[in-house]
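Geometric and topological summary
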Amino acid sequence: MLEEANLTVGAVAKRCGVKVSTLHFYEQKGLIRSWRNAGNQRRYKRDVLRRISVIKAAQRLGVSLEEIATAFANLPDNRTPDKADWAKLSQAWRADLDARIAALTQLRDSLTGCIGCGCLSLARCPLYNPDDKFGEIGVGAVKLLG
Ligand code: FES
């Protein structure tokens, strides 16, 4: 259907639940592509809907737009990710997600002693001074030394 192959920016925004400005931003970042019709209006091919779905899913995993753009650029002919591509990309991003979860879990566990404390002590607070890193530098106002 011709209209399906020539989606307006408003139609894409509505179908994907994103703002028009978001689509322009994605285009600036090289994540999606449009072409101009005779009236110099942006038009999108139907596959842009899948590209935006992949972008939104990846963002929910905490993947940055720069990482997504790099992943897209590495696909043959800069094609829109198909099912197999998504499986491969999401598997790679899962390792990053696991690492972030582990780091946040460690941070949460170190917070346990701080709940209800409020001391923010350089000597014993694991949030304010993890692993006493300032103690390795020296004593006194070491944070002010730059
Ligand atoms: S606020 Fe007291 S130990 Fe972190």
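A tally of helices and strands in the chain yields 7 helices and 3 strands. Counting from the amino terminus, the chain carries its helices and strands in the arrangement α-β-α-α-β-β-α-α-α-α. Among the 146 residues that make up the chain, the fraction classed as buried is 26%. Sequence-distant contacts in the chain: of pairs separated by 6 or more residues, those separated by 24 or more amount to 48%. Working note: accessible area of the chain is about 9,900 Å², and carbon and sulfur atoms make up 56% of it.

It is worth spelling out the packing of helix α4 (residues 48-60) against helix α5 (residues 65-73) at this point. When two helices pack together, their arrangement is captured by the angle between the axes and the distance separating the axes. Between α4 and α5, the shortest axis-to-axis distance is 10 Å and the interhelical angle comes to 135°. With respect to α5, the element α4 is oriented oblique. The two elements α4 and α5 meet at a crossing, and its hand is right-handed. Together, Arg51, Val54, Ile55, Ala58 and Gln59 of α4 and Leu65, Ile68 and Phe72 of α5 make up the contact between the two elements. Per-class residue counts for the contact of α4 with α5 are 6 nonpolar, 1 polar and 1 charged.

Next up on the list: the sheet that holds strand β1 (residues 7-8). The 3 strands lie next to each other as β1-β3-β2, forming an open sheet whose pairing is antiparallel. The open sheet has two free edges, formed respectively by β1 and β2 (35-36), since each of these has just one partner strand.

Bringing the nonpolar core into the picture now. If you look at the biggest cluster of nonpolar residues, it comprises 25 residues, and the most contacted ones within it are Leu23 and Ile68. Counting residues per element, the ones that place at least two in this core are α2 (9-16), α3 (20-28), α4, α5 and α6 (83-111). Looking at which element gives the most residues to this core, the answer is α4, with 6 residues. Discounting chain neighbours no more than four positions away, the residues touching Leu23 are Val9, Val12, Ala13, Val18, Ile32, Tyr44 and Ile52.

Moving on: the pattern of salt bridges. Side-chain pairs of opposite charge can arise where the charged atoms are in close proximity. Considering all chains together, one arrives at 5 salt bridges under this definition. Close ionic contact of Arg79 with Asp85 constitutes a salt bridge, the shortest N to O distance being 2.8 Å. Note on Asp85: relative accessible area 9%, which makes it buried.

Cut-offs and rules
- Residues numbered from 1 in each chain as written.
- Predicted model: local features only at pLDDT ≥ 70, side-chain atom pairs only at ≥ 80, totals over all residues.
- Heavy atoms only, no water.
- Helix = DSSP H or I, 4+ residues; strand = E, 2+ residues; numbered from the N terminus.
- Buried < 20%, exposed > 50% of the residue type's maximum accessible area, 1.4 Å probe, protein only.
- Contact = heavy atoms within 4.5 Å.
- Areas by Shrake-Rupley, 256 points an atom, 1.4 Å probe, with all protein chains shown as cover.
- Axes fitted to C-alpha atoms, helices over the stretch in contact; angles between N-to-C directions.
- Parallel < 35°, antiparallel > 145°, perpendicular 65-115°, else oblique.
- Left-handed = near helix turned anticlockwise from the far one by under 90°.
- Nonpolar A, V, L, I, M, F, W, Y, C, P; charged D, E, K, R; others polar.
- Pairing = 2+ DSSP bridges.
- Core = buried A, V, L, I, M, F, W, Y, C linked by side-chain atoms within 4.5 Å.
- Salt bridge = Lys/Arg side-chain N within 4 Å of Asp/Glu carboxyl O.

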